[in-house]
Amino acid sequence: MYFGRFCVFACISSCYCSFEKDENSCGLLTKFLETSPVSLAINKNGFHRNVVITVELSPDALSGFRVLLVQRWPRGIYVDPYQLASLHNQGDWEILLDPSIDLEVPAHKTSGFVSYLYSTPEEPTPSQLTVTIPVHGRYQKPSCDEKTFTSVDIEPPELLLRRENCMQPDTVSPLTVVDAPCTPNNSSICTWIELQHHKDQGPVSLQFPVGDGSLVLSVCAGTLLVTMICCLALSKYIWEHRVI
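This text gives an overview of the structure that appears in the document. Treat the numbers as computed from the prediction; the structure is a model and nothing was measured.

Along the backbone of the protein there are three helices and twelve strands. For the protein, the residues scored as buried account for 35% of the 244 residues in total. A separation of at least 24 residues holds for 76% of the contacts in the protein among residues at least 6 apart in sequence. Summing over all exposed atoms, the protein offers an accessible surface of approximately 15000 Å²; the carbon and sulfur share of this is 58%.

Strand pairing in a sheet relies on backbone hydrogen bonds, with the paired strands running either antiparallel or parallel. Ordered by their spatial adjacency, six strands build an open sheet running 5-6-3-9-11-10, and the pairing between neighbours is antiparallel. The open sheet has two free edges, formed respectively by strand 5 (93-96) and strand 10 (176-181), since each of these has just one partner strand. Taking each pair of neighbouring strands and ignoring which way they run, the sheet shows an average axis angle of 35 degrees. In this structure, strand 3 (residues 65-73) lies alongside strand 9 (residues 158-163), joined through six bridges in antiparallel fashion. Across the sheet, the residue bridging to Val70 is Glu158, located in strand 9.

Counted according to the given criterion, the structure contains four aromatic pairs. Measuring from ring centre to ring centre gives 5.8 Å for Phe47 and Tyr139, while their planes differ by 45 degrees; the resulting arrangement is tilted. One end of the pair, Phe47, is in the loop between strand 1 (38-43) and strand 2 (48-56); the other, Tyr139, is in the loop between strand 7 (128-137) and strand 8 (149-154), with 92 residues separating them in the sequence. On the basis of relative accessibility, which here comes to 25%, the residue Phe47 falls in the partly exposed class. Assessed through its relative accessible area of 65%, Tyr139 is described here as exposed. Aromatic rings pair up to connect Phe47, Tyr139 and Phe208 into one cluster. The ring of Trp192 has Arg162 lying over it, and the distance from NZ or CZ to the ring centre is 5.1 Å.

Counting 30 residues, the largest nonpolar core has Ile53, Leu69, Trp73, Ile77, Val79 and Ile133 as the members making the most contacts within it. Leave out the neighbours within four places in its chain, and Val79 touches Trp73, Leu84, Leu97, Ile101, Leu103, Phe113, Ile133, Pro134 and Val135. With nine residues, the next largest nonpolar core counts Val70, Leu160, Cys190 and Trp192 among its residues.

In this section: the environment of Val51. Of note, Val51 is situated in strand 2. A residue is classified by how much of its surface remains accessible, and Val51, at 0% relative accessible area, is buried. Setting aside anything within four residues of it in sequence, one finds Val51 in contact with Leu40, Ala41, Ile42, Trp73, Val131, Thr132, Ile133, Val135 and Ile154.

Attention now moves to unusual backbone geometry. Across the chain, the bulk of peptide bonds are trans and the bulk of non-glycine residues have phi less than zero. For Lys44, which is not glycine, the phi torsion reads 75 degrees and is therefore positive. Considering the arrangement of structural elements, one finds Lys44 in the loop between strand 1 and strand 2.

For the second largest pocket, the calculated volume is near 170 Å³. Looking at the second largest pocket, the residues that line it are Phe47, His48, Tyr78, Leu103, Glu104, Val105, Pro106, His136, Gly137, Arg138 and Tyr139.

Attention now moves to helix 3 (residues 216-241). Counted at 1.5 Å a residue, the expected span for helix 3 with its 26 residues is 38 Å, and the 38 Å between its end C-alpha atoms agrees. Two residues or fewer after helix 3 comes Arg242, characterised by a positive phi angle close to 50 degrees.

Across the sheet, which stays open at both edges, the four strands sit in the order 1-2-7-4 with antiparallel pairing between neighbours. Two strands bound the open sheet, and with one partner strand each, they are strand 1 and strand 4 (77-78). Of the pairings in the sheet, the one linking strand 4 to strand 7 comprises two bridges and is antiparallel in character. Looking at the pairing, Ile77 lines up with Gly137 of strand 7.

Reading the values: the criteria
Residues numbered from 1 in each chain as written. Predicted model: local features only at pLDDT ≥ 70, side-chain atom pairs only at ≥ 80, totals over all residues. Heavy atoms only, no water. Helix = DSSP H or I, 4+ residues; strand = E, 2+ residues; numbered from the N terminus. Buried < 20%, exposed > 50% of the residue type's maximum accessible area, 1.4 Å probe, protein only. Contact = heavy atoms within 4.5 Å. Areas by Shrake-Rupley, 256 points an atom, 1.4 Å probe, with all protein chains shown as cover. Pairing = 2+ DSSP bridges. Axes fitted to C-alpha atoms, helices over the stretch in contact; angles between N-to-C directions. Phe/Tyr/Trp six-rings, centres within 6.5 Å; stacked < 30°, edge-to-face > 60°. Lys NZ or Arg CZ within 6 Å of the ring centre and 35° of its normal. Core = buried A, V, L, I, M, F, W, Y, C linked by side-chain atoms within 4.5 Å. 1 Å grid on protein atoms, 1.4 Å probe; cavity = no way out; pocket = protein on both sides within 12 Å on 5 of 7 lines; lining within 4 Å. Points joined across faces, edges and corners; volume = space filled by probe spheres on them. Expected span 1.5 Å × (residues − 1).

Encoded structure:
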């Protein structure tokens with residue numbers, strides 16, 4: 001009888017300690033996120049830019065954390081997966097991209113996409129993480145209102161964190177629980193946490209040139225005229241010199 005009571009008491013104590021440990025671990029994630037701003041900057045000019053993302057984690061960063069940046073890209077730019085593959089061994093990040101990205105489609109015939117950026121596991125977690133992503137501007141739809149440039153806005157990424165021993169993050173406020181791939185292999189889905197108010201920066205705007213839609217007819221007519229002239233000149237040369 002006493003042995004049975006002892007077993008029940010030990011089980012309850014173990015469950016309580018486990019819950020308290022889990023709650024403390026999730027609480028550390030809350031503190032971690034509240035002091036972890038994310039910044040986004042642009043390098044280079046023209047159609048080929050570098051997006052530099054910097055995450056400043058809490059100074060008392062602990063071990064056991066996984067960092068994930070969810071970057072939502074607008075349709076006016078694209079990321080070349082082949083280029084990223086060649087840069088894979090040069091950084092501390094691994095990137096999971098949407099496999100359906102079409103590199104040749106103009107901006108008005110495509111949609112935005114999402115990329116997942118995973119920091120490589122390090123112990124302890126560094127206090128500052130930086131990743132540089134080469135992006136490229138898509139060709140924009142010609143404008144008929146004499147507009148020569150268009151803006152493409154890039155929002156800062158969402159910062160997600162995960163810790164193995166935080167099993168019930170939805171019990172701790174103000175954590176927001178989201179589902180995302182566990183690893184760049186995209187083989188399983190894990191629970192990550194996010195704070196909605198960690199962004200201290202608005203979107204970054206890129207300017208890309210736009211063609212003049214009012215010149216479409218004149219350009220087509222000029223191209224056709226030049227083509228016909230070249231064909232006539234070539235035909236005359238072939239006839240005079242009996243090339244065929």
